[in-house]
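A structural walkthrough
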Amino acid sequence: MSKKEKIVNYYYYDEIINYLEKSYNDYNFDNSLRETYIKEFLTKYIRIVKSIKLLDLNGFHHECDILIRSLDEMIIDLGYLELNPDDNYIRYDLFVNYQLYDLIKEKCEFENTDINSYQDIADIKSKHDQYEKQYNGKRSRWSGISYYNQAEEIDNIGLKGTMKFTDMFRLIYRLNCLNSHNSGIVLDKVYKNLEINEKIDYMYLHNINYIVLLTSLLKDVCLPQVFTKTTTIFKQFDNFLGFLNLLKKLSSEIEEN
């Protein structure tokens, strides 16, 4: 791999990951329910970005879509949680334990084991019952509303980000979601054109572009208290894309003439 090829993708992935990790490590998380979950969210977010980097830089560009969709879900949940952290994180925690108890119960029934042997099962069961009583056991979404409705409420607050949460939902969750499922449409649309030993395209910027957009929303809207340090990486990437689009436009005009 030439230095020129390496700069394009490796550079931006590494810069984003370094910024995420430095902000995470510099932040002093306390033991509150809110910050415990923020820490868990960020740990997962950073690990997924690292996973996308490995897939993307080894030519598995389309296989990154399902992970990017997961990042979008996380960003929308975090943004919504932070709208009313005093109440939302309590509800979220109850929902986590509601689901956890049902899974443990199912596992015990399958394995014919005593559910009371599980550590902290009494506390888990208590939160399970509280969630069921308070929120009528709504299983699909912890908030009781869809991801899109959550995104709408975040946008209505008027916080400024690189893109509206509802637009990001449409771009990634809706329009990109076909690539996250094993549908015949995706198989026919994408995989009929792929070779098993496909040559890696280091100028495929689809995935890193989404990572930049989502991380900027994470930084500016969801958790500005964590990401307090400034970085030029987001502006650098925008300038790079702008310059690249200009080159493509000029090349196209030259070919036409």
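These figures come from a predicted structure and were not determined experimentally.

For the protein chain, the count of helices and strands is 10 helices and zero strands. Sequence-ordered secondary structure for the protein chain, helices as α and strands as β, is α-α-α-α-α-α-α-α-α-α. Burial statistics for the protein chain: of 257 residues in total, 42% are counted as buried. When the accessible surface of the protein chain is split by element, carbon and sulfur atoms take 50% of a total near 15300 Å².

Under the criterion given, the structure shown has 12 salt bridges. Taking the shortest distance from any N to any O, the salt bridge between Lys-53 and Asp-14 comes out at 2.5 Å. Placement of Lys-53 in helix H2 (residues 33–56) and of Asp-14 in helix H1 (residues 3–26) is noted, with a sequence separation of 39 residues between them.

Taken residue by residue, helix H7 (residues 165–174) has Phe-165, Thr-166, Met-168, Phe-169, Ile-172 and Tyr-173 as its buried positions. Buried positions in H7, seen along its axis, are confined to an arc of 150° and lie on one side of it. Close packing links the buried residues of H7 with helix H3 (65–81), helix H6 (147–157) and helix H9 (206–222).

Following the sequence through the fold, Tyr-98 ends up in helix H4 (residues 85–111). Since its relative accessible area comes to 2%, Tyr-98 is described here as buried. In this structure the C-alpha to C-alpha distance between Tyr-98 and Lys-138, which are 40 residues apart in sequence, comes to 9.7 Å.

For the protein chain, per-residue confidence averages 87 on the pLDDT scale, and residues scoring 70 or more make up 88% of the total. Across the protein chain, H2 holds the top mean pLDDT of 97, while helix H10 (residues 233–256) sits lowest at 69.

Every buried residue of H6 is listed here: Tyr-147, Gln-150, Ala-151 and Ile-154. Summarising the axial view, the buried residues of H6 lie within an arc of 100°, below the 170-degree limit, and thus occupy one face. The inward-facing, buried residues of H6 contact H3, H7 and H9. Gly-158 lies just past H6 and shows a positive phi near 90°.

It is worth spelling out the packing of H6 against H7 at this point. As a packed pair, H6 and H7 sit with axes 7 Å apart at the nearest point and diverge in direction by 150°. In terms of axis orientation, H6 runs roughly antiparallel to H7. Here Tyr-147, Tyr-148, Ala-151, Glu-152, Ile-154 and Asp-155 of H6 lie close against H7, whose contacting residues are Phe-165, Thr-166, Phe-169, Arg-170 and Tyr-173. Tallied by class, residues from the contact of H6 with H7 come to seven nonpolar, one polar and three charged.

Time to look at the environment of Val-96. If you trace the backbone, Val-96 turns up in helix H4. Val-96 sits in the partly exposed class, given a relative accessible area of 28%. Between the C-alpha atoms of Val-96 and His-128, which are 32 residues apart in sequence, the distance is 8.4 Å.

Right, let's talk about a nonpolar patch on the surface for a bit. The grouping of Leu-83, Ile-157 and Leu-159 at the surface amounts to a nonpolar patch, some 260 Å² of accessible area in total. Among the residues examined, Leu-83 registers a relative accessible area of 31% and is labelled partly exposed.

Quick look at unusual backbone geometry now. Of note, the phi angle at Asn-112 is positive, near 55°, even though the residue is not glycine. Since its relative accessible area comes to 72%, Asn-112 is described here as exposed. Of note in the backbone geometry, Asp-120 takes a positive phi value of approximately 65° without being a glycine. Judged by relative accessible area, which is 52%, Asp-120 ranks as exposed.

Time to look at the packing of aromatic side chains. All told, the structure shown has 16 aromatic pairs when counted by the stated rule. Ring geometry for Tyr-11 versus Tyr-12: centroids 5.1 Å apart, planes at 75°, classification edge-to-face. Of the residues examined, Tyr-11 reaches a relative accessible area of 33% and is grouped as partly exposed. With relative accessibility at 8%, the residue Tyr-12 sits in the buried group. Relative to Tyr-173, the ring of Tyr-147 has its centre 5.5 Å away and its plane inclined at 45°; by these criteria the two rings are tilted.

A word on the nonpolar core. Residues Leu-42, Tyr-45, Leu-71, Phe-165, Leu-218 and Leu-223 are the most contacted members of the largest nonpolar core, which totals 64 residues. When residues in this core are grouped by element, the largest group, 10 residues, is from H9. In this structure, Tyr-101, Ile-104, Cys-108 and Ile-121 belong to the second largest nonpolar core, which totals six residues.

Conventions we followed
- Residues numbered from 1 in each chain as written.
- Predicted model: local features only at pLDDT ≥ 70, side-chain atom pairs only at ≥ 80, totals over all residues.
- Heavy atoms only, no water.
- Helix = DSSP H or I, 4+ residues; strand = E, 2+ residues; numbered from the N terminus.
- Buried < 20%, exposed > 50% of the residue type's maximum accessible area, 1.4 Å probe, protein only.
- Areas by Shrake-Rupley, 256 points an atom, 1.4 Å probe, with all protein chains shown as cover.
- Salt bridge = Lys/Arg side-chain N within 4 Å of Asp/Glu carboxyl O.
- Arc of directions from axis to C-beta.
- Contact = heavy atoms within 4.5 Å.
- pLDDT = per-residue confidence, 0-100.
- Axes fitted to C-alpha atoms, helices over the stretch in contact; angles between N-to-C directions.
- Parallel < 35°, antiparallel > 145°, perpendicular 65-115°, else oblique.
- Nonpolar A, V, L, I, M, F, W, Y, C, P; charged D, E, K, R; others polar.
- Patch = residues over 30% accessible without salt bridge, like charges linked within 9 Å, V, L, I, M, F, W, Y side chains within 5 Å.
- Phe/Tyr/Trp six-rings, centres within 6.5 Å; stacked < 30°, edge-to-face > 60°.
- Core = buried A, V, L, I, M, F, W, Y, C linked by side-chain atoms within 4.5 Å.

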